[in-house]
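# Working through the structure, step by step
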Amino acid sequence: MADASRIGQVFVNLIHNAIKFTAPGGSIVLSAKIEGPVVCFCVSDTGIGINAEDLPRIFERFYKADRARSSKGTGLGLSISRHLVEAHGGKIWAESIVTQGARFYFTIPIA
Ligand SMILES: Nc1ncnc2c1ncn2[C@@H]1O[C@H](COP(=O)(O)OP(=O)(O)OP(=O)(O)O)[C@@H](O)[C@H]1O
Ligand SMILES: [Mg+2]
């Protein structure tokens with residue numbers, strides 16, 4: 001059970017980031033999988049990736065990784081997404097290998 005417009009906003013934030021940080025010719029893949037009591041959604045890209053030092057901080061308000069300082073945006077999208085997912089009782093996290101891309105996951109409990 002989910003608020004469609006709020007979870008839609010999470011997808012827009014993640015997909016917008018994936019497009020912004022991936023050069024033309026890269027790929028962006030969306031997937032969803034039932035994992036026990038939750039649905040786990042994933043937005044994965046083949047873009048610039050995120051440094052290990054930045055990874056734990058990207059969900060903070062206004063945080064932008066060094067290599068993204070010149071990109072457009074205020075650094076709020078992931079912070080808002082985290083609040084929306086947590087309001088649904090879910091979790092959100094990211095994995096990345098620098099220069100090879102990033103994967104963002106979030107879960108929503110199955111009602
Ligand atoms: N798919 C991604 N690939 C590489 N870096 C990313 C990706 N998504 C987010 N980041 C990093 O995390 C930072 C925070 O992302 P967030 O969406 O919160 O802010 P933003 O996109 O810079 O601005 P806003 O979303 O407010 O327009 C980004 O500035 C960038 O450094
Ligand atoms: Mg963003």
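First, a word on scope: everything that follows refers to the structure included in this document. (Residues numbered from 1 in each chain as written. Chains lettered and ligands numbered in written order. Predicted model: local features only at pLDDT ≥ 70, side-chain atom pairs only at ≥ 80, totals over all residues.)

A word on the overall build of the protein chain. When helices and strands are tallied, the protein chain shows two helices and four strands. Seen in sequence order, the protein chain has helices and strands lined up from the N terminus as α-β-β-α-β-β. Relative to the compact-globule value of 13 Å for 111 residues, the protein chain shows a C-alpha radius of gyration of 14 Å, a close match. Along the longest, intermediate and shortest principal axes, the C-alpha atoms of the protein chain span 40 × 25 × 25 Å. A burial count over the protein chain gives 23% of its 111 residues as buried. Residue pairs at least 24 apart in sequence account for 55% of intrachain contacts in the protein chain once pairs closer than 6 positions are excluded. (Helix = DSSP H or I, 4+ residues; strand = E, 2+ residues; numbered from the N terminus. Rg over C-alpha atoms; globule rule 2.2 N^0.38 Å. Buried ≥ 20, exposed ≤ 12 C-beta atoms within 10 Å, placed from the backbone. Contact = placed C-beta atoms within 7 Å.)

What links the strands of a sheet is backbone hydrogen bonding, and the strands pair in either a parallel or an antiparallel sense. The antiparallel open sheet is built from four strands, whose spatial order is β1-β2-β4-β3. Edge positions in the sheet fall to β1 (28–35) and β3 (92–97), since each has one partner strand and no second. When the angles between neighbouring strand axes are averaged without regard to direction, this sheet yields 20°. (Pairing = 2+ DSSP bridges. Axes fitted to C-alpha atoms, helices over the stretch in contact; angles between N-to-C directions.)

Moving on to the pairing of strand β4 (residues 101–109). Of the strand pairs in this sheet, strand β2 (residues 38–45) and β4 are connected by eight bridges, and their pairing is antiparallel. Of the residues in β4, the one forming a bridge with Val-38 is Pro-109. Bridge count for β3 against β4 is six bridges, and the pairing is antiparallel. By the bridge assignment for β4, Ile-92 is matched with Phe-106.

Each full turn of the α-helix corresponds to 3.6 residues, which orients residues three or four apart in the same direction. Its 17 residues give helix α1 (residues 4–20) an end-to-end C-alpha distance of 24 Å, which sits within 8% of 24 Å, the value for a rise of 1.5 Å per residue. For α1, the complete set of buried residues consists of Val-10, Asn-13, Leu-14, Asn-17 and Ala-18. Here the buried residues of α1 occupy an arc of 130° about the axis, which is enough to place them on one side. With respect to the buried face of α1, the exposed residues turned more than 90 degrees away are Ala-4, Ser-5, Gly-8 and Val-12. (Expected span 1.5 Å × (residues − 1). Arc of directions from axis to C-beta.)

What follows concerns the nonpolar core. Grouped together as the largest cluster of nonpolar side chains are 16 residues, with contacts concentrated most on Val-10 and Leu-14. Those elements that place two or more of their residues in this core are α1, β2, α2 (77–87) and β4. Aside from chain neighbours lying at most four places away, what touches Val-10 is Ser-81, Leu-84, Val-85 and Phe-106. (Core = buried A, V, L, I, M, F, W, Y, C linked by C-beta atoms within 7 Å.)

Inspection of the secondary structure assignment puts Glu-86 in helix α2. With 12 C-beta atoms packed within 10 Å, Glu-86 lands in the exposed category. Between the C-alpha atoms of Glu-86 and Gly-73, which are 13 residues apart in sequence, the distance is 22 Å.

Attention now goes to the packing of α1 against α2. At a minimum axis separation of 9 Å, α1 and α2 run at an interaxial angle of 150°. By the angle between their directions, the pair α1 and α2 is classed as roughly antiparallel. Pair α1 / α2 crosses with left-handed handedness. Every residue of α2 that contacts α1 at Arg-6, Gln-9, Val-10, Asn-13, Leu-14, His-16 and Asn-17 is listed here: Gly-77, Leu-78, Ile-80, Ser-81, Leu-84 and Val-85. (Parallel < 35°, antiparallel > 145°, perpendicular 65-115°, else oblique. Left-handed = near helix turned anticlockwise from the far one by under 90°.)

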